[in-house]
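One-letter residues, chain by chain:
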Amino acid sequence: MNILLIAGHGGTPYDPGACGCGYTEAVETRRLATAVAPMLRKYGFNVTMYDQSNDAYKVLRSGGSLPLFGIGYVLEIHLNAGVSDKDGNGATTGTEVLVHTAESGVSVEQAICRRISALGFKNRGVKRRDNLQVMNTVHRAGISHALVEICFIDDADDMKLYKTKFYDIAHAIADGVAEGFGKTVQKEDDEVVEKKTVCIDGKNYTCDVIEKAGYNYVQLADLAQAGYGVTYDTKAKVPGIVAPQTRADVPNEDSEVQVAVKALQAACGLEESTMEYLRKYKYGDELVKKLAKAVQGNA
């Protein structure tokens, strides 16, 4: 299939499109189109990139035409606007795909929406329009057209996610098109997830296991069955695992604990790392105080 890939806005005189959160729509649509094109080609699509020095809308309004000969699908990329949420409210406004009112099927567009929203954007779904210049021109030529509104350029939450997930978004678009047209979409990692019995600390548990490159990996959440705490380490800013009956963060010592720690170290020659290990036990501070009392009583 031949796909015409159009980046919205730009042209001469220059139309920046929507602007917000330090981004310009015409710039970002070209960045995305450039990233998406080779991904589509990897799926076997023939991709024609619309001249990025032009604005397809302006060309049509001035009596020009689009290079539609031999094209089977037109994919147009834009960013949405209209919420003016420059500070962010903790939630994305989201992604949507526009198709012509008379478009018969939307499986491709639904796949694109679903895959982009899986990255963290709200799924606003597929919407129908009949008042868009490029879309109407393509429809009259008997070709399906999708206008992808990636996210809202004037929503800080959207653009924060957009910045960190840029190439994932490009992949989501290409994968959605491939899925919608019946191609097999491969995961980047060839993972197989299945239920397996895993022995943890001497007991058997049923866990979701990922098998990759000959190794088995247990999903973190399944460790909770064995009493492990699956947390987020706020200091290291990474997921964390806390062993049963222990605590992730050891609080600062109060005066009584400080005296007990020094007494144990003096009596038993224990190192700082050993004392930290003892204090990580859920009831470690009480244990340290009892041990110090017992050692002092036998002195």
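This one's a predicted model, so the numbers in the text were calculated from it and none came from an experiment. The numbering scheme is per chain: residues are counted from 1 as the chain's sequence reads. Only residues with pLDDT of at least 70 get local features here, since the model is predicted, and only at 80 or more are side-chain atom pairs given and counted; chain-wide, interface and lining totals rely on the full set of residues. Only heavy atoms go into the side-chain values, all of them from the structure, while hydrogens and water stay out.

Here we take up helix α1 (residues 25-42). In this model, α1 (18 residues) spans 26 Å end to end at C-alpha, consistent with the 26 Å of a helix rising 1.5 Å per residue. Taken together, the buried positions of α1 are occupied by E25, A26, E28, T29, R30, L32, A33, A35, V36, A37, M39 and L40. The first or second residue beyond α1 is G44, which carries a positive phi of 95 degrees. The numbering of helices and of strands both runs from the N terminus, where a helix is a DSSP run of H or I of at least 4 residues and a strand a run of E of at least 2. Expected helix span is computed as 1.5 Å times (number of residues minus one). Residue burial is assigned from relative accessible area. The probe radius is 1.4 Å, only protein chains are included, and a residue is buried under 20% of its type maximum, exposed over 50%, and partly exposed in between.

Since the α-helix turns once every 3.6 residues, residues separated by three or four places project in the same direction. What helix α4 (residues 133-140) keeps buried is the set V134, M135, N136, T137 and V138. In the stretch just after α4, G142 is the one whose phi turns positive, near 80 degrees.

Here the focus is the packing of aromatic side chains. In this analysis, rings of Phe, Tyr and Trp, with Trp reduced to its six-membered ring, are considered paired at centre separations within 6.5 Å, and the interplanar angle assigns stacked below 30 degrees, edge-to-face beyond 60, and tilted for intermediate values. What the rule picks out here adds up to six aromatic pairs. Considering the side-chain rings of Y23 and Y162, the 5.9 Å spacing of their centres and the 85 degrees angle between planes classify their relative orientation as edge-to-face. Note that Y23 is positioned in strand β3 (residues 23-24) and Y162 in helix α5 (residues 156-164), a separation of 139 residues in sequence. Look at Y23 and you get buried, because its relative accessible area is 18%. Seen from their ring centres, F166 and Y167 are 5.0 Å apart, and the 90 degrees between their planes marks the pair as edge-to-face. Each residue in the set Y23, Y162, F166 and Y167 is aromatic and connected to the rest through ring pairs, giving one cluster.

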